[in-house]
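Observations on the three-dimensional arrangement
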Amino acid sequence: MNERRLDRRLGHLEFAMKTDVRNAQVVRELDRQRQRELWRAALVGIGLVVLVLFSAWQHFELRRLHYQTLQLQQERTAELMARRHLQLEIATLKSPRRIEEAATTLLNMTTPAQTHAEVIERVKVDPPPRKSVIASRH
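Only a predicted model underlies this, so the values are computations on that prediction, with no experimental measurement involved.

1. What about the overall build of the chain?
A count of helices and strands for the chain gives 3 helices and 0 strands. Going residue by residue from the N terminus, the α and β elements of the chain occur as α-α-α. With an accessible surface of roughly 15,300 Å², the chain has 58% of that area assigned to carbon and sulfur atoms.

Structure representation (structure tokens):
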């Protein structure tokens, strides 16, 4: 008795599995509402992607400018150090002691004595008064 039931069930299953449903001719209707929702979702998704890309671009541009600022500050610091060294070198080269030493050793110059030195005073010419005539030719 149980075998009959089992055979019936299996036979029923075979029938169910063998049935071929032809749905190729079934025409699907286009659901306009669903299509609009899909397009809206796609547009919102594209907008979000554009927003994220814009935000990322700004973030990376800010980081790039920050690194560039740091590099320029380092270059400025190096240039300031070079400027200080050059100012120190100029001060050293302008030193009267160094100039005197170079003149006596390299150029064989001597230091003048007090008797060899003469002070020449510059004569100042006073400007003529405004309403006077010095000379005139006609």
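Read on, since the account is not over.
2. Looking at the pattern of salt bridges
Side chains carrying opposite charge are able to pair once their charged atoms draw close together. Here the structure, examined in full by the defined rule, presents 1 salt bridge. The shortest N-O distance in the salt bridge between E61 and R64 comes to 2.4 Å. On the criterion of helical spacing, the pair formed by E61 and R64 is a turn pair, its members being 3 residues apart in helix α2 (residues 32–93). Residue classification places E61 among the partly exposed residues on the basis of a relative accessible area of 26%.

3. Some thoughts on the packing of aromatic side chains
The tally for this structure, following the rule as stated, stands at 1 aromatic pair. Their ring planes at 35 degrees and their centres at 5.9 Å tell us that F54 and W57 sit as a pair that is tilted. Of the two residues, F54 and W57 both sit in helix α2, 3 residues apart, roughly one turn of that helix.

Calculation criteria
- Sequence order as written defines the numbering, with residues in each chain counted from 1.
- Predicted model: local features are reported for residues with pLDDT of at least 70 only, side-chain atom pairs are reported and counted for 80 or more only, and whole-chain, interface and lining totals are derived from all residues.
- With hydrogens and water stripped out, all remaining heavy atoms of the structure feed into the side-chain values.
- Helical segments are the DSSP runs of H or I of at least four residues, strand segments are the runs of E of at least two, and each set is numbered from the N terminus.
- Where accessible areas are quoted, they stem from the Shrake-Rupley method and a 1.4 Å probe; at the residue level, only the protein chains shown are allowed to cover.
- Between Lys or Arg on one side and Asp or Glu on the other, a salt bridge is scored when a side-chain nitrogen of the former is within 4 Å of a carboxyl oxygen of the latter.
- Think of it in three bands: residues with accessible area under 20% of the maximum for their type are buried, residues over 50% are exposed, and the middle band is partly exposed, with areas taken using a 1.4 Å probe on protein chains only.
- Stacked, tilted and edge-to-face are the three classes applied to pairs of Phe, Tyr and Trp rings, where Trp contributes its six-membered ring and a pair requires centres within 6.5 Å; stacked means planes under 30 degrees apart, edge-to-face means over 60, and tilted covers the rest.

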